[in-house]
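What follows is the residue order along each chain.
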Amino acid sequence: MHQRRLVVAAAIVDDLARPTRLLGARRARPVEIAGRWEFPGGKVDDGESPTQALHRELREELGVRVEMGDELPGPDDGGWVITDRHVMRLWFARVTDGDPLPLVEHDELRWLSPDGLADVDWLDGDLPIVKAIERHLVP
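Residues numbered from 1 in each chain as written. Predicted model: local features only at pLDDT ≥ 70, side-chain atom pairs only at ≥ 80, totals over all residues. Heavy atoms only, no water.

Colleague: Describe the overall build of the protein chain, naming the residues involved and giving the relevant values.
Modeller: If you tally the helices and strands in the protein chain, you get two helices and eight strands. Walking the protein chain from its N terminus toward its C terminus, one meets helices and strands in the order β-β-β-β-α-β-β-β-β-α. The C-alpha radius of gyration of the protein chain comes to 14 Å, within 12% of the 14 Å expected for a compact globule of 139 residues. Each principal axis of the C-alpha distribution contributes one length, and for the protein chain these read about 40 × 30 × 30 Å. Per-residue burial for the protein chain yields a buried fraction of 42% across its 139 residues. (Helix = DSSP H or I, 4+ residues; strand = E, 2+ residues; numbered from the N terminus. Rg over C-alpha atoms; globule rule 2.2 N^0.38 Å. Buried < 20%, exposed > 50% of the residue type's maximum accessible area, 1.4 Å probe, protein only.)

In structure tokens form, the structure reads like this:
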């Protein structure tokens, strides 16, 4: 059994205490997943903590700084197995500086309300996480 690579992501919401909207990001590449939606984030580099990596990724991918909220623990030792090669840890976050823009990996960002979460084509590995987040959103 090979070790899955840790990736980190953010469920960017409008308010950490009473979230009503979630920011989705549509992949521009690679071609196999282009057009599908995910949580912004990325790989943890050597020497980085997961939260340091997430702050860096959000600055690079979206051009924003965030306030971190609680982690949304997954069923796999606290993580979420999203592919056969990756396990993800995910935190709630709120933008504190900048307006999110699709700078690197994405070609569209969209604020989704609880009843709009199913309107976009999420990556298969992210679907269980979307369902878990849905329970935290205030309609």
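Colleague: Which residues make up the nonpolar core, and what values do they have?
Modeller: Core analysis: the biggest nonpolar cluster contains 21 residues, and Leu22, Phe39, Leu72, Leu90, Trp122, Ile129 and Ile133 have the highest contact counts within it. Only strand E1 (5-12), strand E7 (86-97) and helix H2 (127-134) provide two or more residues apiece to this core. Considering every element that reaches this core, the biggest residue donor is H2, with four residues. If near-sequence neighbours (up to four positions away) are discounted, tryptophan 122 is found in contact with Leu22, Gly24, Arg36, Trp37, Glu38, Phe39, Leu112, Leu117, Leu127 and Val130. Of all hydrophobic cores here, the second largest spans 16 residues; its members include Ala10, Leu54, Val64 and Ala93. (Core = buried A, V, L, I, M, F, W, Y, C linked by side-chain atoms within 4.5 Å. Contact = heavy atoms within 4.5 Å.)

Colleague: Can you explain helix H1 (residues 50-62)? Please cite residues and give values.
Modeller: Between its first and last C-alpha, H1 extends 18 Å over 13 residues, near the 18 Å set by a 1.5 Å rise per residue. Buried within H1 are the following residues: Pro50, Ala53, Leu54, Arg56, Glu57, Leu58, Glu61 and Leu62. Where H1 is buried, its residues touch E1, strand E2 (22-27), strand E4 (41-43), strand E5 (65-71), E7 and strand E8 (106-112). Following H1 by one or two positions, glycine 63 adopts a phi angle in the positive range, close to 75°. (Expected span 1.5 Å × (residues − 1).)

Colleague: Could you give me a rundown of the sheet that holds E2, with the residues and numbers involved?
Modeller: An order of E3-E2-E8 is seen for the three strands of this open sheet, with the pairing classed as antiparallel. For this open sheet the edge positions go to strand E3 (37-38) and E8, each flanked by a neighbour on one side alone. (Pairing = 2+ DSSP bridges.)

Colleague: Provide a residue-level description of the pattern of salt bridges, including the pertinent values.
Modeller: Counted by the stated rule, this structure contains 15 salt bridges. A salt bridge links glutamate 38 to arginine 27; the shortest N-O distance between them is 3.1 Å. A residue pair is termed long-range when its members are at least 10 positions apart, and glutamate 38 in strand E3 and arginine 27 in strand E2 qualify at 11 residues. Taken together, the salt bridges that share partners define one network made up of Asp45, Glu48, Arg56, Glu57 and Glu60. (Salt bridge = Lys/Arg side-chain N within 4 Å of Asp/Glu carboxyl O.)

Colleague: An account of the layout of surface pockets is requested, with residue identities and associated values reported.
Modeller: Looking at the largest pocket, its volume works out to about 610 Å³. Residue lining of the largest pocket: 26 residues in total, with Arg27, Ile33, Glu38, Ile82 and His86 positioned closest to the centre. Those elements giving two or more residues to the lining of the largest pocket turn out to be E1, E4, H1 and E7. Residue classes in the lining of the largest pocket are distributed as nine nonpolar, five polar and 12 charged. (1 Å grid on protein atoms, 1.4 Å probe; cavity = no way out; pocket = protein on both sides within 12 Å on 5 of 7 lines; lining within 4 Å. Points joined across faces, edges and corners; volume = space filled by probe spheres on them. Nonpolar A, V, L, I, M, F, W, Y, C, P; charged D, E, K, R; others polar.)

Colleague: Give a description of a nonpolar patch on the surface that names residues and reports values.
Modeller: A contiguous nonpolar surface patch, about 250 Å² in accessible area, is contributed by Leu101, Leu103 and Val104. With respect to the helices and strands, leucine 101 occurs in the loop between E7 and E8. Overall, the relative accessible area of 46% leaves leucine 101 in the partly exposed class. (Patch = residues over 30% accessible without salt bridge, like charges linked within 9 Å, V, L, I, M, F, W, Y side chains within 5 Å. Areas by Shrake-Rupley, 256 points an atom, 1.4 Å probe, with all protein chains shown as cover.)

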